[in-house]
Amino acid sequence: QQQVKQSPQSLIVQKGGISIINCAYENTAFDYFPWYQQFPGKGPALLIAIRPDVSEKKEGRFTISFNKSAKQFSLHIMDSQPGDSATYFCAASTIFYNQGGKLIFGQGTELSVKP
Amino acid sequence: DSGVTQTPKHLITATGQRVTLRCSPRSGDLSVYWYQQSLDQGLQFLIQYYNGEERAKGNILERFSAQQFPDLHSELNLSSLELGDSALYFCASSPSPNQPQHFGDGTRLSIL
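These numbers were taken from a predicted model, which means no experiment stands behind them.

Procedures and definitions
Residues numbered from 1 in each chain as written. Chains lettered and ligands numbered in written order. Predicted model: local features only at pLDDT ≥ 70, side-chain atom pairs only at ≥ 80, totals over all residues. Heavy atoms only, no water. Pairing = 2+ DSSP bridges. Helix = DSSP H or I, 4+ residues; strand = E, 2+ residues; numbered from the N terminus. Axes fitted to C-alpha atoms, helices over the stretch in contact; angles between N-to-C directions. Salt bridge = Lys/Arg side-chain N within 4 Å of Asp/Glu carboxyl O. Buried < 20%, exposed > 50% of the residue type's maximum accessible area, 1.4 Å probe, protein only.

A.B. asks: Would you mind going over the sheet that holds strand β1 (residues 5-7) of chain B with me for this structure?
C.D. replies: Strand pairs in the sheet, formed through backbone hydrogen bonds, run parallel or antiparallel to each other. Residue and element names in this part refer to chain B. Spatially, β1-β3-β8-β7 is the arrangement adopted by the 4 strands of the open sheet, whose pairing is antiparallel. Since the sheet does not close on itself, it has two edges, and those belong to β1 and β7 (64-68), each with one partner. This sheet shows a mean twist of 15° between the axes of neighbouring strands, independent of strand direction. With 5 bridges joining them, β7 and strand β8 (residues 74-78) adopt antiparallel strand pairing.

A.B. asks: Help me out: how do you make sense of the sheet that holds strand β6 (residues 56-59) of chain A in this one?
C.D. replies: All names here are of chain A. Pairing within the open sheet is antiparallel, and its 5 strands lie in the order β1-β3-β8-β7-β6. Each edge of the open sheet is held by one strand with a lone partner, namely β1 (4-7) and β6. With direction set aside, neighbouring strand axes in the sheet form an average angle of 15°. In terms of strand pairing, β6 meets strand β7 (residues 62-67) through 4 bridges, oriented antiparallel.

A.B. asks: Just checking my understanding: could you explain the pattern of salt bridges for this structure?
C.D. replies: Between side chains of opposite charge, pairing is possible as soon as their charged atoms come close. A complete count under the given rule lists 7 salt bridges over all chains for this structure. Of the charged contacts, one joins E26 of chain A and K71 of chain A as a salt bridge, the two residues approaching to 3.6 Å between their closest N and O atoms. A residue pair is termed long-range when its members are at least 10 positions apart, and E26 of chain A in the loop between β3 (19-25) and β4 (33-38) and K71 of chain A in the loop between β7 and β8 (72-77) qualify at 45 residues. In this structure E26 of chain A comes out as partly exposed when scored by relative accessible area, which is 47%. Taking the relative accessible area as the measure of exposure, K71 of chain A reaches 22% and is therefore partly exposed. Between R26 of chain B and D29 of chain B there is a salt bridge, with the nearest N and O atoms lying 2.9 Å from each other. Residue R26 of chain B is classed as partly exposed on the basis of its relative accessible area of 23%. Overlapping salt bridges, with partners in common, bring together R63, E82 and D85 of chain B in one network.

A.B. asks: Any chance you could explain the pairing of strand β4 (residues 31-38) of chain B here in plain terms?
C.D. replies: Successive side chains on a regular strand alternate, one facing one side of the sheet and the next facing the other. Residues and elements named next belong to chain B. Counting buried positions along β4 yields 8 of 8 residues, so the element is predominantly enclosed. Judged by which residues are buried, β4 turns out to be covered on both faces: S31, Y33, Y35 and Q37 on one side and V32, W34, Q36 and S38 on the other are all buried. When β4 meets strand β5 (residues 42-50), the two strands line up antiparallel, connected through 8 bridges. Bridging from a neighbouring strand, Y33 pairs with Q48 of β5. Hairpin connection, β4 to β5: the antiparallel pair is bridged by 3 residues. Judged from the 7 bridges that link them, β4 and strand β9 (residues 87-94) form a sheet pairing that is antiparallel.

In structure tokens form, the structure reads like this:
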């Protein structure tokens, strides 16, 4: 019940296209859903996050869509650029519910944007 | 640059040895988290400290221990090392447990 399932494992998109990565969870106590971007040799960097009381959050070219009833959320990268090529991780936590803070991560998606 | 500093960047040692990984959180952050990243297990939460006290424990082996010092830096101690402990170890920090976490660039541990 603590798992977060992420798909696809890898994704190839043409420059200018839309990249879509999906995640699903089971634990309804999760109350915070961040996305992290990781480049080789670097740590995960916080990209964007959402709470379950909103259905969508947009920051620049990055949008999170959240479906509470389906227990799914997704990351959309509009106008994908070669510089977006990285590994993306979704995560979930109960940081507000029990003040715990630990992140449960999906398995990651390796995105490659072709010029 | 996230502001979280981890040392050393790389560590190569042998089975049975003991190592200490160090983490300096971002200025003002009281909460520190340790994660392990491996190819087969992905990113796994190990342990969390808040203002010097252990706050939560995850899939941390008994051979592993951690602490957070009064100056808020944290150390992760790994002992009786096994080949399977080879991984990237990340530290993250946040101002408090209910705020976003920012990660350091990790320590790559290789066991020979």
